[in-house]
Amino acid sequence: MKDALHTLRQQAIAASLFPPTGLQEAIERLGFVQADPIRAPARAQDLILRQRVKAYKSGDLDQYYPTLNLEEDFLYAYGFMPTSTWQLVHPRPAGELSAADRRVLELVSSNPHIHPRQIEAFLGRTREINDWGGYSSGTTRTLQSLHYRGLLRVARRENGVKLYELAAHQYEPIDPSERLRQLVLLIANSLSPLSERSLLTILRHLVRAVPTLEVKKSIVIQLIHTGELAQTVVDGIRYVWPAMATVGNEPNATVRFLAPFDPLVLDRQRFEHFWGWQYRFEAYTPPAKRQLGYYALPMLWQDDVIGWVTVSQSAGNLVVEPGFKKDIPSEDAFFNEFDAEVERLRFFLQK
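Because the structure is predicted, anything quoted here is derived from the model rather than measured.

(A) Structural view of the pairing of strand β2 (residues 70-74). With five of five residues buried, β2 is to be regarded as a mostly interior element. Here β2 shows no split at all, with Leu70, Glu72 and Phe74 on one side and Glu71 and Asp73 on the other all buried. Taken together, the five bridges between β2 and strand β3 (residues 78-82) define a ladder with antiparallel strand orientation. Bridge pairing in β3 places glutamate 71 opposite methionine 81.

Structure (structure tokens):
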């Protein structure tokens, strides 16, 4: 079983950490990049992409997004996706437009790439309870609702703030069973290899992205029977991945600092099974209860996640502090590769 688990780990690394390519190509290959606004040391989407895009720097996604065939939207979380993925989550039920909805659409149609503050100048400032129990401006909530329903799209960002424009409807209705099939294969590819249990859990989270989607437990077995998903069972856990996926056999020989929402890290149950320890994202954990740190980045060395690093700036200098869950490697190659990853991170963070 140890050999089988080792093979799965190598497969996951090789499938996810493909040779760096262009920005559009990397997101097409991933199918979805989860977003998060915390910058410690950079936003999650940038940290994910720096491992997969040539000469990538923090903020490149915001800079080049308007020129690329991408959308911001919900899949199992909020993030960035190619149009091919976006088409799978639309159309969504639009419902009846309120007077405020219609007024915002009018303003956006005559002021493309409009800033939320510009809309507030016309409509006034109100506050509403948001999904987390706090407060957001009424304008923000209206824009988010119209974006979710596919009537607006994010045109670009200005200092991290979304600017909107009217959406051009480029999707066609897809048969529900075919939509589910494509979404299963997309997620299985993005997070490959993925346990059947985790895949079904993620699919149930799609109810927000695709409210009409009916997730059937039998879908994974069906796709295994049709030959579209390959499978193996390790320690009683069934792992699946797209059968047509091709993965190179070249072993990973570098140190990588991975984002908390990186495809290699996202499934916490798989993380613990593969790497033998629990990783927790502790940004929202009270400081006294943190074990790893505010924004710990899992540290991959060769084919194992041996610990984590925290990153900070002190007097203009980059400070990378490692922590270990396993024996500290003694070979010079590890320390050389660790220093090389620090330099890659420094380049990524340079403005």
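(B) Seen up close, the environment of isoleucine 219. As for its placement among the helices and strands, isoleucine 219 is situated in helix α11 (residues 218-225). Sequence spacing of isoleucine 219 and leucine 180 is 39 residues, and the spatial spacing of their C-alpha atoms is 8.3 Å. Setting aside its immediate chain neighbours within four residues, isoleucine 219 contacts Leu180, Val184, Leu200 and Leu203.

(C) Spatial organisation of the packing of aromatic side chains. In this structure the tally under the stated criterion is 19 aromatic pairs. Between the aromatic rings of phenylalanine 261 and phenylalanine 281, the centroid separation amounts to 5.1 Å while the plane-to-plane angle is 65°, which identifies the pairing as edge-to-face. Here the residue phenylalanine 261 occupies a position in the loop between β11 (255-257) and α12 (268-275), and phenylalanine 281 occupies one in the loop between α12 and β12 (297-301), the gap between them amounting to 20 residues. Take phenylalanine 261 and phenylalanine 281: they sit in the same class, and that class is buried. Residues phenylalanine 271 and tryptophan 277 carry aromatic rings whose centres are separated by 5.1 Å and whose planes lie at 85° to one another, so their mutual orientation is edge-to-face.

(D) Examining the environment of alanine 40 more closely. By the secondary structure assignment, alanine 40 is in the loop between β1 (33-34) and α3 (44-50). In the structure, alanine 40 is positioned 122 residues away from lysine 162 in sequence and 20 Å away in space, judged by C-alpha atoms. Ignoring anything within four residues of it in the chain, the contact list for alanine 40 reads Tyr294 and Tyr295.

(E) Just the sheet that holds strand β9 (residues 229-234), in detail. What the three strands build is an open sheet, ordered β8-β10-β9; its pairing is antiparallel. One side of each edge strand has no neighbouring strand; the edge strands of this open sheet are β8 (194-195) and β9. Together, β9 and β10 (237-242) form the strand contacts of helix α1 (residues 2-16), whose direction differs from that of β9 by roughly 140°.

(F) Geometry of the nonpolar core. Among the nonpolar cores identified, the biggest contains 109 residues, and Tyr76, Ile187 and Phe257 are the most heavily contacted of them. Top element by residues in this core is helix α9 (residues 176-190). It accounts for seven residues. Discounting residues that sit within four places of it in the chain, phenylalanine 257 has contacts with Arg50, Gln51, Leu297, Pro298, Met299, Val309, Val320, Phe338, Glu341, Val342 and Leu345.

(G) Inspection of the sheet that holds β2 at higher detail. Ordered in space as β1-β3-β2, the three strands form an open sheet in which the pairing is antiparallel. Each edge of the sheet is formed by a strand with only one pairing partner; in this case those strands are β1 and β2. Contacting β1, β2 and β3, helix α2 (residues 23-30) crosses the sheet at an angle of about 110° to β3.

(H) How the structure looks around the side chain of aspartate 101. Considering the arrangement of structural elements, one finds aspartate 101 in helix α6 (residues 99-110). In this structure the side chain of aspartate 101 is engaged in a polar contact, spanning 3.0 Å, whose partner is the backbone nitrogen of serine 98.

(I) Representation of unusual backbone geometry in the model. The amide bond that connects alanine 40 to the next residue, proline 41, takes the cis arrangement and shows omega of 15°. Relative to the assigned elements, proline 41 resides in the loop between β1 and α3. Residues serine 192 and proline 193 are joined by a peptide bond in cis, for which omega reads -15°. Tracing the chain through its elements places proline 193 in the loop between α9 and β8. A positive phi angle, near 50°, is found at alanine 55, a position not held by glycine. By the secondary structure assignment, alanine 55 is in the loop between α3 and α4 (60-64). Positive phi values are uncommon outside glycine, yet asparagine 159 reaches one of about 55°. Note that asparagine 159 resides in the loop between β6 (152-158) and β7 (161-166). Exposure remark for asparagine 159: the relative accessible area of 77% places this residue in the exposed category.

Scoring rules and cut-offs
Residues numbered from 1 in each chain as written. Predicted model: local features only at pLDDT ≥ 70, side-chain atom pairs only at ≥ 80, totals over all residues. Heavy atoms only, no water. Buried < 20%, exposed > 50% of the residue type's maximum accessible area, 1.4 Å probe, protein only. Helix = DSSP H or I, 4+ residues; strand = E, 2+ residues; numbered from the N terminus. Pairing = 2+ DSSP bridges. Contact = heavy atoms within 4.5 Å. Phe/Tyr/Trp six-rings, centres within 6.5 Å; stacked < 30°, edge-to-face > 60°. Axes fitted to C-alpha atoms, helices over the stretch in contact; angles between N-to-C directions. Core = buried A, V, L, I, M, F, W, Y, C linked by side-chain atoms within 4.5 Å. Polar contact = N/O pair within 3.5 Å; in protein donor to acceptor, adjacent residues only side chain to side chain.

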